[in-house]
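Inside the fold
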Amino acid sequence: MSFDLVVFGGTGDLAWRKLLPALFQASRHGKLPAGGRLLALARDERSDDEYRAYIKERFAEVEPSKRPNEEEFARFAQMLHYRRMDVSQPEHYLGLKRWIEEPRADEGRAGGRAKTAVLFMATSPHLFPVICDQLGQAGLNGPHVRLVLEKPLGHDLASAQEINRVVRSAFREEQALRIDHYLGKAAVQNLMALRFGNALFEPLWRRESIANIQITLAEGLGVGKRGDFYDQTGALRDMIQNHALQLLTMIAMEPPSSNDADAIRDEKLKVLRSLKPFTPESVARDVVRGQYKAGTVDGQAVPGYLEEVKVPAGSACETFVALRTEIQNWRWAGVPFYLRTGKRLSGRDAQIVVNFREVPHPIFPGTRQANKLVIKLQPDDGLELHLLAKSGSCSELLSPVSLDLDFDRAFASERVGGYERLLLDAIAGRLNLFVRSDEQEQAWRWVEPVLHAWAGDRTGPRPYSAGSWGPPAASALVARDGYAWAEEQ
Ligand code: NAP
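Concerning the overall build of the chain
- Helix and strand content of the chain: 15 helices and 17 strands.
- Taken over C-alpha atoms, the radius of gyration comes to 24 Å for the chain, in line with the 23 Å a tight globule of 489 residues would show.
- When its C-alpha atoms are laid out on the principal axes, the chain stretches across 75 × 55 × 45 Å.
- Out of the 489 residues in the chain, the part that is buried amounts to 53%.
- Pairs at least 24 apart in sequence give 77% of the contacts found in the chain among residues at least 6 apart.

Here's what the structure looks like:
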């Protein structure tokens, strides 16, 4: 069935940097249903052709492999449209409705049949209430309409609940698709396949075999020109509450009864509800916050956070968080889960490391390295299983080897990027990879005691040098249990 993808904020950074390139890839890969249209909305007056020229220019800033050539752009441009819209003007919604509902020559006999409309909110969340209210009043909330929401969805539990209340006033839960782009990554899909499509790992996926699990979302970049925005957010809200916790639920959930969205989301919610709650004492003991100071990244001298543009003087905003938690259920009791994220770190690595226990009775001399499974999310997308093997020499010693599943190579012709997959799922109405409101609220409920403890703590974040792996206290957090972060092993 055909579709309309309507982008509120169609001229903004999110639209041209992420959505349009992803949509172009989907079109290049022949994955879009025929006859689809994209309608960009913003307050400027522009024609369709002016918008197409604007997007063509923006593509020059997109990475080369994702840029269209002239012929590809000409084909893609046919589906791009633009409409002036001020979201505070009720009559503009009636115009939008007419545009969506107008029968089109190329629809032939199917014309008039309700077609899917995906409304992507690529605007600031302070506009969500007026947009949802007006969409409801204009009748643009029927069963064929889906609303896609991007982060930030609130800055605490109350504001997240308020956004959900506003959305619910016009749409049903299954019409609201909350994006977490980490869930679109192939390695995360494969984590599900590995766990629930193979019998091999599930018996090992528990406290008896697993020593600890580490989730690292590291960025080499600083806050750039977005210092004022970032300073209101910080690493805990920006990365832990959403991305890191979503990855944790995918790792730790019980096998769902089916591959249906709600069966999966019910299990993820149970994990969030089983996370050990923080107290002021455990925040002081189990959470490390840091802020980068000047240092060197990739051989380049870079300024500290407080020297970045638009960062308020003396800010105590954290650009790094490492924390230790546990999941209070039979499967995971006592297994530490370490979550870590930060800006200006040594590498741009996003990965999950599952560290298995050592063999109970070693018979080989030397190395006693335990097995580990590394789920790589960024920059590469793949799985690595680290084993010990005999090298073939006369030595009795074992050597580490890894089984490397490189999804880029294995499925090169079928590769789909994260945003591309999520957009295609939104169009098709597949909800598995979108976050339900109760999951999102429970994640806020869990991080709030950390925010409260920090608000009353005058010591502020610990400094770390740009280009390092964060404050030494983050290593000490893991060393206390007798373990080490992956790069220190
Ligand atoms: P942006 O570059 O400032 O773009 C905002 C868009 O909204 C523009 O197209 C703007 O166009 C439009 N807009 C603003 N007020 C409007 C109104 N009253 N009526 C109609 N359109 C209006 O912001 P962005 O970076 O794209 O981010 C948008 C949202 O996504 C933010 O909440 C951001 O936090 C989130 N997000 C962004 C990224 C990213 O990579 N940029 C990633 C994840 C999440 P006009 O001003 O011309 O109307």
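Next comes the rest of the account.
Thoughts on the pattern of salt bridges
- Throughout the structure, instances matching the rule amount to 35 salt bridges.
- A salt bridge links Arg178 to Glu173; the shortest N-O distance between them is 3.1 Å.
- Residue classification places Glu173 among the partly exposed residues on the basis of a relative accessible area of 23%.
- A network of salt bridges, in which partner residues are shared, links Asp262, Arg265, Asp266, Arg436 and Asp438.

Regarding the side chain of Asp4
- Here Asp4 lies in strand 1 (residues 3-8).
- One polar contact links Asp4 to Arg37, side chain to side chain, over a distance of 2.8 Å.
- Not counting residues up to four positions away in its chain, the partners in contact with Asp4 are Arg37, Trp99, Ile100, Arg104, Lys115, Thr116, Ala117 and Val118.

Criteria and cut-off values
Residues numbered from 1 in each chain as written. Predicted model: local features only at pLDDT ≥ 70, side-chain atom pairs only at ≥ 80, totals over all residues. Heavy atoms only, no water. Helix = DSSP H or I, 4+ residues; strand = E, 2+ residues; numbered from the N terminus. Rg over C-alpha atoms; globule rule 2.2 N^0.38 Å. Buried < 20%, exposed > 50% of the residue type's maximum accessible area, 1.4 Å probe, protein only. Contact = heavy atoms within 4.5 Å. Salt bridge = Lys/Arg side-chain N within 4 Å of Asp/Glu carboxyl O. Polar contact = N/O pair within 3.5 Å; in protein donor to acceptor, adjacent residues only side chain to side chain.

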